Amino acid sequence: VDDSEMRSNMFKHAHVKVKEVVVRLTRAEQVRGARWTPRLSEDELRARMRPHELALLLTHLRNLVVAYDNMDAAEKREMATA
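Procedures and definitions
- Residues numbered from 1 in each chain as written.
- Predicted model: local features only at pLDDT ≥ 70, side-chain atom pairs only at ≥ 80, totals over all residues.
- Heavy atoms only, no water.
- Helix = DSSP H or I, 4+ residues; strand = E, 2+ residues; numbered from the N terminus.
- Buried < 20%, exposed > 50% of the residue type's maximum accessible area, 1.4 Å probe, protein only.
- Contact = heavy atoms within 4.5 Å.
- Expected span 1.5 Å × (residues − 1).
- Patch = residues over 30% accessible without salt bridge, like charges linked within 9 Å, V, L, I, M, F, W, Y side chains within 5 Å.
- Areas by Shrake-Rupley, 256 points an atom, 1.4 Å probe, with all protein chains shown as cover.
- Salt bridge = Lys/Arg side-chain N within 4 Å of Asp/Glu carboxyl O.

Asker: Help me understand the overall build of the chain in this model?
Answerer: When helices and strands are tallied, the chain shows four helices and zero strands. If you list the helices and strands of the chain from N to C, you get α-α-α-α. Counting the 82 residues in the chain, one finds 21% classified as buried. Put simply, of all contacts in the chain between residues at least 6 apart along the chain, 73% involve residues at least 24 apart.

Structure representation (structure tokens):
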């Protein structure tokens, strides 16, 4: 595995893990005809968040940033079109 493939895999894995937590935390059952609320309050998010999820989110966000920052311009363009 070359560095480029390793960075790409690291970025994609981190993206999926962050997305899993965000979707789980923000998913809400919509009542038919009810007004849609685009954002949960901080208290609601805290109540839904499992104790380890904040640490996981920060770890995966860090990995996402590190992988992206170490990509060259061609790799970044490839990620944007993937």
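The discussion continues.
Asker: Sorry, what's going on with helix α1 (residues 3-26) here?
Answerer: Turn by turn, an α-helix covers 3.6 residues, leaving residues three or four places apart pointing in a common direction. With 24 residues, α1 extends 34 Å between its outermost C-alpha atoms, agreeing within 8% with the 34 Å of an ideal straight helix rising 1.5 Å per residue. All of the buried residues along α1 are Arg7, Ser8, Phe11, Ala14, Val18, Val21 and Leu25.

Asker: It is not clear to me how a nonpolar patch on the surface should be interpreted in this structure. Could you clarify?
Answerer: Together, Leu54, Leu58 and Leu61 make up an exposed nonpolar region whose accessible area comes to about 280 Å². With respect to the helices, strands and loops of the structure, Leu58 is situated in helix α3 (residues 53-69). With relative accessibility at 53%, the residue Leu58 sits in the exposed group.

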